[in-house]
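# Coordinate analysis (summary)
Listed here are the chains, written in short residue letters.
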Amino acid sequence: MYDAIEAADQRAKPFRDFAKQAYQELLGRFYNQDDGQKRPMNLVARNILTLQSHLAHRNPQHTCTTQFAQLRGEANVLASLLDEISEELDRKRITRLQLLRALLSPYATTKIGLRAAEDMVKIDGKQYNPGQAYIQAIDIDDHIVDHTARCWEEAQWEGHRYKVSRQIAMDCGLFDPDVIKNLPNAEDDTNGMRTRSDRLSKMRTTQDMEAVEMIELCDIAFYGDGGTVIATLAGQQDGSKDYLLINDFQGPMRGPYEHLEFMPIPNQLFGLPPVALMREQSEAMNKIFTKMVEQVLRTKRLLVGDRASGDDINTAKDAEDGDSIEVDDVDRLKNIDLGGLTPDFGPFAQQLQAWGNMQYVNIDLAAGQEGGTDKATIYQGMQANLNVLIDDLQS
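Here's what I pulled together on the structure shown here. All residue numbers refer to position in the chain's written sequence, counted from 1. Totals for whole chains, interfaces and linings use all residues, but because this is a predicted model, local features are given only for residues with pLDDT of at least 70 and pairs of side-chain atoms are given and counted only at 80 or more. Excluded from the side-chain calculations are hydrogens and water; all other atoms, namely the structure's heavy atoms, are used.

Turning to the overall build of the protein, a few remarks are in order. Each helix is a run of H or I in the DSSP string that is no shorter than four residues. Each strand is a run of E no shorter than two, and both are numbered from the N terminus. The helix and strand inventory of the protein stands at eleven helices and twelve strands. Contacts are assigned to residue pairs that have any heavy atoms within 4.5 Å of one another. Intrachain contacts of the protein at a sequence separation of at least 6 include 65% that bridge at least 24 residues. Just so you have it, the protein exposes about 24000 Å², and 51% of that area is on carbon and sulfur atoms. Calculation of accessible area relied on Shrake-Rupley with a 1.4 Å probe; when residues are assessed, cover is drawn exclusively from the protein chains displayed.

Its location among the elements puts Gln268 in the loop between strand S10 (257-260) and helix H7 (279-298). Put simply, Gln268 and Trp152 are 116 residues apart on the chain and 9.1 Å apart in space, counted from C-alpha to C-alpha.

Quick look at the sheet that holds strand S6 (residues 157-165) now. Only when DSSP finds a minimum of two bridges between them are two strands counted as paired. With antiparallel pairing, five strands are arranged side by side in an open sheet as S5-S6-S7-S8-S9. Taken across any chain shown, the strands that pair with only one partner, and hence form the sheet edges, are strand S5 (143-145) and strand S9 (245-248). Along the sheet, successive strands turn relative to each other by an average axial angle of 20°, direction set aside. Axis angles are defined between N-to-C directions and span 0 to 180 degrees, where every axis is a line fitted to C-alpha atoms and, for a helix, only to the segment in contact.

Moving on, we come to the packing of aromatic side chains. A pair of aromatic rings is counted whenever rings of Phe, Tyr or Trp (Trp by its six-membered ring) have centres within 6.5 Å, and the orientation is called stacked for planes under 30 degrees apart, edge-to-face for over 60 and tilted otherwise. Per the counting criterion, the structure on display carries four aromatic pairs. Seen in terms of ring centroids, Phe15 and Phe270 are 4.3 Å apart; in terms of plane orientation they differ by 15°. Their pairing is stacked. Highlighted residues: Phe15 in helix H1 (residues 2-27) and Phe270 in the loop between S10 and H7, separated in sequence by 255 residues. Taking relative accessible area as the criterion, Phe15 reaches 28% and is therefore assigned partly exposed. Burial classes: relative accessible area under 20% of the type maximum marks a residue as buried, over 50% as exposed, and values in between as partly exposed (1.4 Å probe, protein chains only). Exposure remark for Phe270: the relative accessible area of 6% places this residue in the buried category. Centroid distance Tyr107 to Trp152: 4.9 Å. Interplanar angle 80°. Geometry classified as edge-to-face. Pair noted here: Tyr107 is in the loop between helix H4 (91-104) and strand S1 (108-114) and Trp152 is in the loop between S5 and S6, with a separation of 45 residues, a long-range link.

Moving on, we get to the nonpolar core. Burial of nonpolar side chains together is a common tendency in soluble globular proteins. If you look at the biggest cluster of nonpolar residues, it comprises 19 residues, and the most contacted ones within it are Leu26, Val44, Ile48 and Leu104. Elements with a minimum of two residues in this core: H1, helix H2 (43-55) and H4. When neighbours within four sequence positions are excluded, Val44 is seen to be in contact with Glu25, Leu26, Val275, Met278, Arg279 and Ser282. We define the nonpolar core as a collection of buried residues of types Ala, Val, Leu, Ile, Met, Phe, Trp, Tyr and Cys that are connected through side-chain atoms lying within 4.5 Å of one another.

This next bit is on a negative patch on the surface. In this scheme, patches are assembled from residues that exceed 30% relative accessible area and form no salt bridge. Like charges are connected within 9 Å, while nonpolar side chains (Val, Leu, Ile, Met, Phe, Trp, Tyr) are connected within 5 Å. Definition used for salt bridges: Asp or Glu carboxyl oxygen within 4 Å of a side-chain nitrogen of Lys or Arg. Charged-residue counts in this description rest on Lys and Arg as positive and Asp and Glu as negative, His and the chain ends being excluded. Throughout, a charge is located at the NZ atom of Lys, the CZ atom of Arg, the CG atom of Asp or the CD atom of Glu. Taken together, the side chains of Glu84, Glu87, Glu88 and Asp90 make up a negatively charged region of the molecular surface. Relative to the helices and strands, Asp90 is located in the loop between helix H3 (72-88) and H4. Relative accessible area serves as the criterion here: at 38%, Asp90 is assigned to the partly exposed category.

This part is about the pairing of strand S8 (residues 227-234). For S8, the buried fraction is high: six of the eight residues fall into the buried class. As paired elements, strand S7 (residues 214-224) and S8 share eight bridges and run antiparallel to each other. The residue bridging Ile220 from the neighbouring strand is Ala231, located in S8. Hairpin connection, S7 to S8: the antiparallel pair is bridged by two residues.

Pairing is antiparallel in the open sheet, where three strands are placed in the order S4-S1-S10. Strands with a single pairing partner mark the edges of an open sheet, and in this sheet they are strand S4 (133-138) and S10. Pairs of neighbouring strands in the sheet enclose a mean axial angle of 25°, with direction left out of account. Here S1 pairs with S4 via six bridges, running antiparallel. When the bridges of S4 are listed, Lys111 appears paired with Gln136. Against the sheet, H4 engages S1, S4 and S10, with an angle of about 25° to S4.

Let's shift gears to the side chain of Asp146. Here Asp146 is to be found in the loop between S5 and S6. Of the side chains with opposite charge, Arg11 comes closest to the buried, unpaired Asp146, at an N-O distance of 6.5 Å.

And the structure:
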């Protein structure tokens, strides 16, 4: 199993690296450490924040339907209860985070389930867990999936790593306390993956600096015709030779994991993140804007005159704004500008922005801009195309 996990990590590594680069493009150079790349016009940030605000600006409202008229009242009550649970789980925040992950990386994984309850409920001879619902957002750096699969349906297993307090793991009653006690402390870099996206804001620490002693575990869902089995093992191969816990999963046949991806590719497990379509124009525009700013900053306005007008130049140089001065020959003094902006840069930058808008289906309109046209009929057509994009992403 550990060999399979290592193979899964190797397969996912290029996509995790690109995801970290996308996070850096979004955050810019003033978030934590300066990466040296100037972004006067960050189209990635503009597009991502625009889509995020359109897709997840409030908690979802649930609707329950039934074919039986006498049960519609109960269905409405159930919908209200789901809305209340959604509020308690802070679904809006989780949804926004998962949207951000799905926009910047090939997919976002969410684990949905019920926390373990003290007592089980027996219905029709089966034991059910009545625990509280939870929604857990899983990062692409922590998610692992069958490395042989070409699509999600072919995956025979998937899981995720997580860190937990050693004391909680020993006291929860799920694991053998002696085994948990002997597990190594969680490492700062899981399997040496120093390109993890969370390192954008994290310094490297040592075990001695941890306030709470943490261990790393890994849950794996094995899919089969008879149902799904969830196995827990130590996060590091030298932690334990046996599975720490094995349980049958009560829920959907494909286990507790749900995936959000906007651009799946046939016969490819990893889809194309929307940010990949934005970075070319964004990086090109930032290079042009950076050059424009540098040219403007290098521009100098100088007061010049011939060598015989040195006294007049000094008099003018020392004068304050609004002063009256006398000079021998005012025609010998003049202001000249050195440097300046290359005339073609402005129109070219506008063209780049128009290309970026065209590349991602008139997103300028969603951001509150005119979309490059002043004609009502063209504007309405562009707005219709944008609405199709938003509806497609929402579905």
